[in-house]
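Each chain, letter by letter, is given below.
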Amino acid sequence: MCGIIGYTGQREASEVILEALRRLEYRGYDSAGIVIMNPELTLHKRKGELAEMQRTLPQINGHVGIGHTRWATCGKPSNENAHPFLDCHGRIALVHNGIIENYMALKEKLQNEGHVFTSQTDTEVIVHLIEKHDKGDLHQAVRAAVAEIKGTYAIACIEKGSGQIIAARKENPLVLGLGIDENFVASDVTAILSYTNRVKYVMDGETVVITPEKVTIYGPDGEMVERSSQTVTWSAEDAQKGGFPHFMLKEIFEEPQAIHNSLLGALDVIENGEILPNVQFGSIKIIACGTSYHAAMVGKYALEELAKIPVTVELASEYRYSPGAKEFPLVVLISQSGETADTLAAAREAKRRGCKTLGITNVIGSTITREVDEVFYTRAGPEIGVAATKTYLTQLIALYIIAIRIGYARRNLSHDAMWNELSKLRAMPGAVQSVLDKAFDVEAAVDMLVPARDVFYIGRNINYPTMLEGALKLKEISYIHAEGFAAGELKHGPLALLDSTTPVVAVALTKDHTYDKMMANISEVAARDSPVLAIGCEDDKELPQVADLVLRVPCVDPLYSPVVVTVVLQLIAYYVALKRGCSIDKPKNLAKSVTVE
Amino acid sequence: MKAVILAAGEGTRLRPFTNSRPKVMLPIGNRPILEYVVHALVANGVRDLILVVGYKKERIMSYFGDGSRFGANISYIVQDRQLGTAHALTFVKDLVDDRFLVLSGDNVIDKEMVSTLLSLGEGNSVLVTESNEPSKYGVVLLKDDRVVAIEEKPRDRIGNIINTGLYSFEPDIIPIMEAGVKIGNYGITQVLSAHLPDMRLRAALAKGEWDDAVYPWDLVRLNEIVLESHGQAISGTIEPGVTIKGSVQIGKGTRVRSGTYIEGPVIIGEGCDIGPSSCLFPSTSIGDGVSIEPFVAIKNCVIMNNIVIGAHSHLCQSVVDDNVRLGPGFSCYCGTAYVRMDDGFHNVPKIGCMIGDESTTGARVVISPGCIIGQGCRIGDGAKVSTNVENRSTVI
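Residues numbered from 1 in each chain as written. Chains lettered and ligands numbered in written order. Predicted model: local features only at pLDDT ≥ 70, side-chain atom pairs only at ≥ 80, totals over all residues. Heavy atoms only, no water.

Draft legend 1. Quick peek at the confidence of the model for chain B. In the predicted model, chain B carries a mean pLDDT of 91, and 100% of its residues have values of at least 70. The ipTM value of the predicted complex is 0.82, and its pTM value is 0.77. (pLDDT = per-residue confidence, 0-100.)

Quick look at the structure:
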């Protein structure tokens, strides 16, 4: 997982590339580098955050260049292993996002032919392969090189003395930005939005020749491909912090608006069947990774309750290698970025097995939208903080809408019942806003978690996966070891780990039918002297008697309570990380969209 | 040129609508008041804006962001304790080095106001305007174009020229404000009043639109004024058999169902569900995510966001805050009323009701003109409410 950018045009390339890298930093930030043609290929790269590379960057004037921000997969973070890479003679420079599987064999062969390697990366073999095949036409050399490699890539390369950039893609994101007398290539639209909102997406197996005047796309067999451009409606400022200290907090406070946006299409889906016009399937399988997997688990409860249809949930990385039972469920795949490698592979596997597929993603035109039969866009807007916040909530909203659609279309929900559920869903932006209005109560309450080494998160029913998500958020950004448990499972083992140094975060909502059981679990935990931070309904008078501190949420229907409870858990993770002085928007060892397997 | 917009205040006289948002974020014509100020500045080429925020600042920051959606560069200064406007100005000390504008974020203004202010040239100056209700404001006494005294909310009628709170200042005003704050004068007008004998503060009569929401019912009047200049823009789904007259705006994802009759000026936000067979009359604003069930009549109202209005309801001259759910047959007729506020009774000639955030009503609830229902109230089936209801009360 890395970010790449290429520019050719009239501006100072170094300025464009630095700006783009700053916006791509969420894709990786253990080292960064840049090559500008002036007219030599002048290289500068550094280990560490982008700021470090920028600080040490000398003035390099030139109008063609490429840049890279890295998240190490092959070869540890170091100056040598940072991209870009040059060939033996400094004539060709290249940046790469992806993994080359057969690089050991290729490297050995190239070394025997006399090529000199300077790093431990897999990427470096590509630039030497291109050098080997270069007979004066860089585009043909790139095509010959990628034909020899096995693995995944999005690459951009430039050659001394030429204003063109050659790019290629296989299973890693790549987008072209179209300007006037200038063009761009990048891993992500946000990188180039300050310059243009006209884009073309590159597909698997394609190569592209980019000059300041035009971009030309070639298909896998070398034929020219016509593709119309799309206009992106996000604007670059969406990617700015706007007064908030961190993107994560900004994005949490954008949740009411994000939920509103994902509800906009609800009526068309539910009443008119804009997606899932046909609901003739016997079961549903939801497949996802990480945070999206937790959304999938919440979705299981919602679908089973509203649509009365059996649902299974699987991790994408497991499903794709599973033996595959003889069944034909509707397969729902969730990926915020639409580029998650494991989820994409699972989508292909599901199709291979003959299943109908529905994708839930936030990114229009992302790879997953081309792999599935139908798409639900969550419309949360760009998310820069590495910890998923508003995109998670909008995934929940998407699953609720789909559950109501299926329930209504299969006549499990009457018109009146459908109306009721939709009306509860429409109340969510307000319910989330009222949690946010009390964010400072959370800030004050987290002190008991700040010094902890381990924290337990417990919940039942639909809030069991919610607590898994809460624990994940804390792990991700505060580096505290946190585990989520179904509260009923505590007595089967984990209880042995509890003592006065292990705080427990618990959720118990009065309207939920497991409330009494939760109260018993909280008492059980309190009896081991564990400090308890509880999340409860506004009107709950019993909870303060068993918990040390209580954070309140509006008393919404338990089925929809994960939406409000999650917001509290996100705020808990945020404020704990803040008080521990952690790098909130860029936690160590993590990247935003995981395009490696 | 830079402009400092004061947006930190709560606006206590506008409760319950400011319980959950600062005054500058009250929606008029489905846009926060502050957006009108930002637009007026940007239209005059003033793009570098410093927002002084405090009370519920996240509401402002998550809406305006870095300002580029509005063509501006917005930076934020946090005034944690909202002591007053002079205190707020001391925070911008290191950010202004040239003549700058100071505006309150809670007045609806148009671009003429800003161009008048810009045309004043060097020196410290203030825009003033005539008012029929000077006692609500700071009354300015003039000698030619020079301000000789400012009297805040005078009981006696000493003049009808009032301070609009729009200033053009030189950076040397900031030490004066700092000195004022040190001796406990926290308002800009207080500090200026104290210095009027030895400083030159010019006044210019405002040309253009300037209006202020002081009390909750002012929102209805302001909404009526701004909707006058709204054009036509319809997206969403309009089913066959809907009648639309006059200037009507409908946002994306909204569905207007058959038999609905809309007479503009009316603005409807995104993701709403209207009808079938409901009537919306001038001048009404309906926010985002609002459900209006069949056979509802709404006239001259400000309906905010995520609200459900039950079938057969009638609303007139009313303001309804976010997340309110009105049961079927809700009725609020309009008339002249004495409205009770913390500062006494106010005679309001045409008024319906005002309902705070998250309140709900059962079936067939009737509310008398001029009643203010607080935040989070529960009103039971068939109740007739003829007094104000405190926040979080239950009426049965």
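Draft legend 2. Structural detail: the packing of helix 15 (residues 428–436) of chain A against helix 20 (residues 561–579) of chain A. All names here are of chain A. Direction vectors running N to C along helix 15 and helix 20 enclose 30°, while the axes themselves pass 9 Å from each other. By the criterion of interaxial angle, the relationship of helix 15 to helix 20 is roughly parallel. The two elements helix 15 and helix 20 cross, and the hand of that crossing is right-handed. Contact residues: Met428, Ala431, Val432, Val435 and Leu436 in helix 15; Val563, Val564, Val567, Val568 and Leu571 in helix 20. Its residues assigned to classes, the contact of helix 15 with helix 20 comprises 10 nonpolar, no polar and no charged. (Axes fitted to C-alpha atoms, helices over the stretch in contact; angles between N-to-C directions. Helix = DSSP H or I, 4+ residues; strand = E, 2+ residues; numbered from the N terminus. Parallel < 35°, antiparallel > 145°, perpendicular 65-115°, else oblique. Left-handed = near helix turned anticlockwise from the far one by under 90°. Contact = heavy atoms within 4.5 Å. Nonpolar A, V, L, I, M, F, W, Y, C, P; charged D, E, K, R; others polar.)

Draft legend 3. Structural view of the pattern of salt bridges. Residue and element names in this part refer to chain A. Counting across every chain of the model gives 51 salt bridges over all chains. Note that Lys109 is salt-bridged to Glu148, the shortest N-O span being 3.9 Å. Residue Lys109 is located in helix 3 (residues 103–112), and its partner Glu148 is located in helix 5 (residues 138–148); the two are separated by 39 residues in the primary sequence. Under the relative-accessibility criterion, Lys109 is labelled partly exposed at 42%. Classification of Glu148 as partly exposed rests on a relative accessible area of 25%. Between Glu304 and Lys300 there is a salt bridge whose closest N-O contact spans 3.3 Å. Linking Glu304 with Lys300, this pair stays in helix 9 (residues 290–307), spanning 4 residues, or about one helical turn. The partly exposed category is assigned to Glu304, whose relative accessible area is 29%. (Salt bridge = Lys/Arg side-chain N within 4 Å of Asp/Glu carboxyl O. Buried < 20%, exposed > 50% of the residue type's maximum accessible area, 1.4 Å probe, protein only.)

Draft legend 4. Up close: empty space enclosed by the protein. As enumerated under the stated definition, the model contains 7 cavities of 30 Å³ or more in all. When its volume is computed, the largest cavity comes out at roughly 110 Å³. As for the largest cavity, its lining consists of His260, Leu263, Leu264, Ala266, Leu267, Leu422, Arg426 and Pro429 of chain A together with Gly253, Gly271, Gly289 and Asn306 of chain B. Of all the secondary-structure elements, those providing two or more residues to the lining of the largest cavity are helix 7 (255–263), helix 8 (266–270) and helix 14 (415–426) of chain A. Looking at the lining of the largest cavity residue by residue, the class counts come to 6 nonpolar, 5 polar and 1 charged. (1 Å grid on protein atoms, 1.4 Å probe; cavity = no way out; pocket = protein on both sides within 12 Å on 5 of 7 lines; lining within 4 Å. Points joined across faces, edges and corners; volume = space filled by probe spheres on them.)

Draft legend 5. Here's a closer look at the pairing of strand 6 (residues 100–104) of chain B. All names here are of chain B. For strand 6, a buried count of 5 out of 5 residues is recorded, marking the element as mostly surrounded by other parts of the structure. Covered by surrounding structure in strand 6 are Phe100, Val102 and Ser104 together with Leu101 and Leu103, the residues of both alternating faces. Of the strand pairs in this sheet, strand 1 (residues 2–7) and strand 6 are connected by 5 bridges, and their pairing is parallel. Bridge pairing in strand 6 places Ala3 opposite Leu101. Looking at chain direction, strand 6 and strand 11 (residues 161–169) are connected through 3 bridges and run antiparallel. For Phe100, the partnering residue across the bridge sits in strand 11 and is Phe169. (Pairing = 2+ DSSP bridges.)

Draft legend 6. How the structure looks around the domain arrangement of chain B. Residues and elements named next belong to chain B. When its domains are assigned, chain B resolves into domain 1 (2–214) and domain 2 (225–395). Look at where the C-alpha atoms of domain 1 and domain 2 centre, and you get two points 31 Å apart. With 14 residues of domain 1 in contact, the opposing surface of domain 2 contributes 26 residues. Roughly 1400 Å² is buried in total at the junction of domain 1 and domain 2, and carbon and sulfur atoms are behind 58% of that figure. Among the residues of domain 1 in contact with domain 2, Pro16, Phe17 and Asn30 are the three that bury the most area, contributing 38% of the side total. Summed over the shared surface of domain 1 and domain 2, the number is 2 salt bridges. Note that Asp321 is salt-bridged to Arg21, the shortest N-O span being 2.8 Å. Between the two partners, domain 1 and domain 2, sit 4 residue pairs in polar contact (both at pLDDT 80 or more). Within the side of domain 1 that touches domain 2, the residues separate by chemical class into 6 nonpolar, 4 polar and 4 charged. (Domains from an automatic or database assignment. Buried area = accessible area lost by both parts, 1.4 Å probe. Polar contact = N/O pair within 3.5 Å; in protein donor to acceptor, adjacent residues only side chain to side chain.)

Draft legend 7. Structural context of the domain arrangement of chain A. All names here are of chain A. On domain assignment, one finds that chain A holds domain 1 (3–238), domain 2 (241–426) and domain 3 (433–590). Here domain 1 and domain 2 have C-alpha centroids that lie 33 Å from each other. Counting the surface lost from both domain 1 and domain 2, the interface buries some 1100 Å², and carbon and sulfur atoms represent 57% of this. Between the two partners, domain 1 and domain 2, sit 0 salt bridges. The interface formed by domain 1 and domain 2 contains 1 residue pair in polar contact (both at pLDDT 80 or more).

Draft legend 8. Highlighting a nonpolar patch on the surface. On the surface, Leu141, Val148 and Ile158 of chain B cluster together into a nonpolar patch covering about 210 Å² of accessible area. In this fold, Ile158 of chain B is placed in the loop between strand 10 (146–152) and strand 11. (Patch = residues over 30% accessible without salt bridge, like charges linked within 9 Å, V, L, I, M, F, W, Y side chains within 5 Å. Areas by Shrake-Rupley, 256 points an atom, 1.4 Å probe, with all protein chains shown as cover.)

Draft legend 9. How the structure looks around unusual backbone geometry. With omega at -15°, the peptide bond leading from Asn38 of chain A into Pro39 of chain A counts as cis. Mapped onto the elements of the fold, Pro39 of chain A is located in the loop between strand 2 (31–37) and strand 3 (41–47). Residue Ser283 of chain B follows Pro282 of chain B across a cis peptide bond; omega there is -15°. Although it is not a glycine, His312 of chain B adopts a positive phi angle of roughly 65°. Looking at the element boundaries, His312 of chain B is found in the loop between strand 27 (308–309) and strand 28 (314–316). Unlike most non-glycine residues, Glu358 of chain B shows phi in positive territory, near 65°. Position of Glu358 of chain B relative to the elements: it lies in the loop between strand 34 (354–355) and strand 35 (360–361). Looking at Glu358 of chain B, the relative accessible area reads 17%, which means it is buried.

Draft legend 10. Just helix 9 of chain A, in detail. Residues and elements named next belong to chain A. Counted at 1.5 Å a residue, the expected span for helix 9 with its 18 residues is 26 Å, and the 25 Å between its end C-alpha atoms agrees. Counting buried residues in helix 9 gives 13 out of 18 residues, a clear majority hidden from the surface. Just downstream of helix 9, Lys308 is the residue with a positive phi angle, here 50°. (Expected span 1.5 Å × (residues − 1).)

Draft legend 11. A look at the sheet that holds strand 20 (residues 374–377) of chain A. Residues and elements named next belong to chain A. Taking strand neighbours across the sheet as the criterion, the 5 strands line up as 17-16-18-19-20 in an open arrangement whose pairing is parallel. Where the open sheet ends on each side, the last strands, each with one partner, are strand 17 (311–315) and strand 20. With strand direction ignored, the average angle separating the axes of adjacent strands in the sheet is 20°. The sheet contact formed by strand 18 (residues 330–335) and strand 19 (residues 357–361) spans 5 bridges and is parallel. The residue bridging Leu333 from the neighbouring strand is Gly359, located in strand 19.

Draft legend 12. Looking closely at helix 18 (residues 515–526) of chain A. Residue and element names in this part refer to chain A. Taking 1.5 Å per residue, 12 residues should reach 16 Å; helix 18 reaches 16 Å between its end C-alpha atoms and fits that length. Taken residue by residue, helix 18 has Tyr515, Met518, Met519, Asn521, Ile522 and Val525 as its buried positions. Along the axis of helix 18, the buried residues cluster in a sector spanning 160°; they form a single face. Along helix 18, exposed side chains directed more than 90 degrees from the buried face belong to Asp516 and Lys517. (Arc of directions from axis to C-beta.)

Draft legend 13. View of the packing of helix 13 (residues 390–409) of chain A against helix 20 of chain A. Residues and elements named next belong to chain A. Following both chains from N to C, one finds helix 13 and helix 20 inclined at 170°, their axes separated by 10 Å at the closest point. Between helix 13 and helix 20, the interaxial angle falls into the category roughly antiparallel. Along its contact with helix 13, which presents Tyr392, Leu393, Leu396, Ile397 and Tyr400, the element helix 20 presents Pro562, Val563, Thr566, Val567 and Gln570. Residues of the contact of helix 13 with helix 20, tallied by class, amount to 8 nonpolar, 2 polar and no charged.

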